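Given next are the chains, with one letter for each unit.
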Amino acid sequence: MTSKSLYVHIPFCIAKCDYCDFFSRGGSHSVGDDYVRALVHEAEYYVRHYQIDSFKTIYIGGGTPSLLSAKQIDFLLGALQNKRGRVQEITHEVNPETLDLEKLYAAEANGVSRLSLGIQSLNNAALASVHRHCSSERSLEALSIIQSCWHGDLNLDVIAGLPDQTSLAFLHSLERVLSYHPDHLSLYTLTVEDGTALASRIDEGLSWSADKADEEWLQGRNLLLQCGYRQYEVSNFAIPGHESRHNLAYWRQDDYIGIGAGAVGTVYAFDGGTGLRWTNTTNIAAYTAFWQEERHGALPRTEEELPISIEEFEYFMMGLRMLEGVDSATYRSRYASVSPWMGDIARRLEVDGGLWQRLLAEKKACISETENGKRYALSIDGLLFLNDILRKL
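Everything numeric in this text was worked out from a predicted model, so none of it was measured. (Residues numbered from 1 in each chain as written. Predicted model: local features only at pLDDT ≥ 70, side-chain atom pairs only at ≥ 80, totals over all residues. Heavy atoms only, no water.)

Visitor: Just checking my understanding: could you explain the overall build of the protein chain for this structure?
Guide: Helix and strand counts for the protein chain stand at 15 helices and 15 strands. Over its C-alpha trace the protein chain gives a radius of gyration of 22 Å, about what one expects of a compact globule, namely 21 Å for 393 residues. Seen through its C-alpha atoms, the protein chain measures out along the principal axes to roughly 60 × 55 × 45 Å. Here the analysis covers contacts within the protein chain between residues at least 6 apart in sequence; of these, 69% occur between residues at least 24 apart. Once the 36 positive and 52 negative side-chain charges of the protein chain are each reduced to a mean point, those two points are 3 Å apart. (Helix = DSSP H or I, 4+ residues; strand = E, 2+ residues; numbered from the N terminus. Rg over C-alpha atoms; globule rule 2.2 N^0.38 Å. Contact = heavy atoms within 4.5 Å. Lys, Arg positive; Asp, Glu negative; His and termini not counted. Charge placed at Lys NZ, Arg CZ, Asp CG, Glu CD.)

Written as structure tokens, this is what we have:
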């Protein structure tokens, strides 16, 4: 038997924000019971297929997972935890406009230990600039509700660089967010993805500056560090001890199961075999129909084989996102078969006179001793150059 993390995708939104490139369907005000039952049936399939005795972490994301009713939360989380070992962490994403006391009580009663609330900004002009279906007033109301009755951890999402917002207004918004004392804060830089409504609007003349967005993010990072938060990943900050265990599972290359329309799952093979990554169909009707009691034919998903060479590169792509970095013992145990480095992380990173040596000289990286070897990590300033560093690997 084994333990894996579980991601549950709820691909429904009241309205889709202009910057969003995640799979979701706007115009939804609820989640159908048939979809929730399909999620449970799919999870049961993977429990049998991989002989899972417990889910290490569960993350309910979206979309807008707080469109789930209290009754649906009871059913879903009750089924996912039925007769299995204790889950280390259950995260439930919520949006301010769809949060209420009944849903909060249902979440806590069913083991949710961590709420992730999508604030993005407390500036109405900035929210309106990306057609965010929420006002700052509703966000503050949701924060007050959570503050009055929630006993678990709280993460808040904030975006730097939104249009129609000065840098001073951004910092004022972030300071108000921090006044609610979240245990964790995810601070993102607005990224304009191809194919989004925001990209089209910028092409049509909407004023936006990537450089200004980066500057705001740096200002926000510095404020978080001053307030006692520890940056442990590119965009994630936590009061020590309150890091997201589920997200750490992604970054440390732990296996994770993805259920729901559009969800992604990955199972690794570090023994020289081939791993597997799948992406479920984004046809919600086809997904729901398949995962009913009677199932026939191939799973409604696309599959990608992960040869050990791809897994090896992703070890650095994910591991160097974290302040903890990557370590020689793990690399050796997983990737001793990958030529030409054969498990020698110092050779891979060109420690002697190469890439890592230059990063050390520029104070963008460090090397520390561990019980079983050495750890290689980027500094908080080195993280700003992560993409360039990965290209050189």
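More follows now that the structure is in view.
Visitor: Would you take a moment to explain the environment of Gly-260 for this structure?
Guide: Here Gly-260 lies in the loop between strand E9 (256-259) and strand E10 (264-267). Classification of Gly-260 as buried rests on a relative accessible area of 0%. Along the chain, Gly-260 and Val-36 lie 224 residues apart, while their C-alpha atoms are 8.9 Å from each other. Gly-260 has contacts with His-9, Tyr-35, Leu-39, Glu-42, Asn-280 and Tyr-287, leaving out every residue within four places of it along the chain. (Buried < 20%, exposed > 50% of the residue type's maximum accessible area, 1.4 Å probe, protein only.)

Visitor: In this structure, what is going on with the pattern of salt bridges? I would like to understand it.
Guide: When their charged atoms lie close together, side chains carrying opposite charge are able to pair. Scanning the model with the defined rule gives 15 salt bridges in all. Residue Lys-212 pairs with Glu-216 through a salt bridge whose shortest N-O separation is 2.6 Å. Of this pair, Lys-212 and Glu-216 are both found in helix H8 (residues 210-226), 4 residues apart, which corresponds to roughly one turn of the helix. For Lys-212, a relative accessible area of 29% translates into the label partly exposed. Of the charged contacts, one joins Arg-321 and Glu-233 as a salt bridge, the two residues approaching to 2.6 Å between their closest N and O atoms. Here the residue Arg-321 occupies a position in the loop between helix H11 (308-319) and strand E13 (326-327), and Glu-233 occupies one in strand E7 (residues 230-233), the gap between them amounting to 88 residues. Residue class for Arg-321 comes out partly exposed when judged on its relative accessible area of 25%. In this structure Glu-233 comes out as buried when scored by relative accessible area, which is 0%. (Salt bridge = Lys/Arg side-chain N within 4 Å of Asp/Glu carboxyl O.)

Visitor: Teacher, can you tell me more about helix H2 (residues 70-80) here?
Guide: Count 3.6 residues to each turn of an α-helix, and residues three or four apart come out pointing the same way. If you check which residues of H2 are buried, you get Ala-70, Gln-72, Ile-73, Leu-76, Leu-77 and Leu-80. An end-on view of H2 places all buried positions within 150° of arc, on one side of the element. Residues of H2 that are buried sit in contact with strand E1 (2-10), helix H1 (33-49), strand E2 (52-62), strand E3 (89-94) and helix H3 (101-109). (Arc of directions from axis to C-beta.)

Visitor: I would appreciate a short explanation of a negative patch on the surface in the present structure.
Guide: A cluster of acidic residues, Asp-21, Glu-193, Asp-194, Asp-203 and Glu-204, forms a negative patch on the protein surface. Residue position: Asp-21 is located in the loop between E1 and H1. (Patch = residues over 30% accessible without salt bridge, like charges linked within 9 Å, V, L, I, M, F, W, Y side chains within 5 Å. Areas by Shrake-Rupley, 256 points an atom, 1.4 Å probe, with all protein chains shown as cover.)

This is a description of form; function is not addressed.
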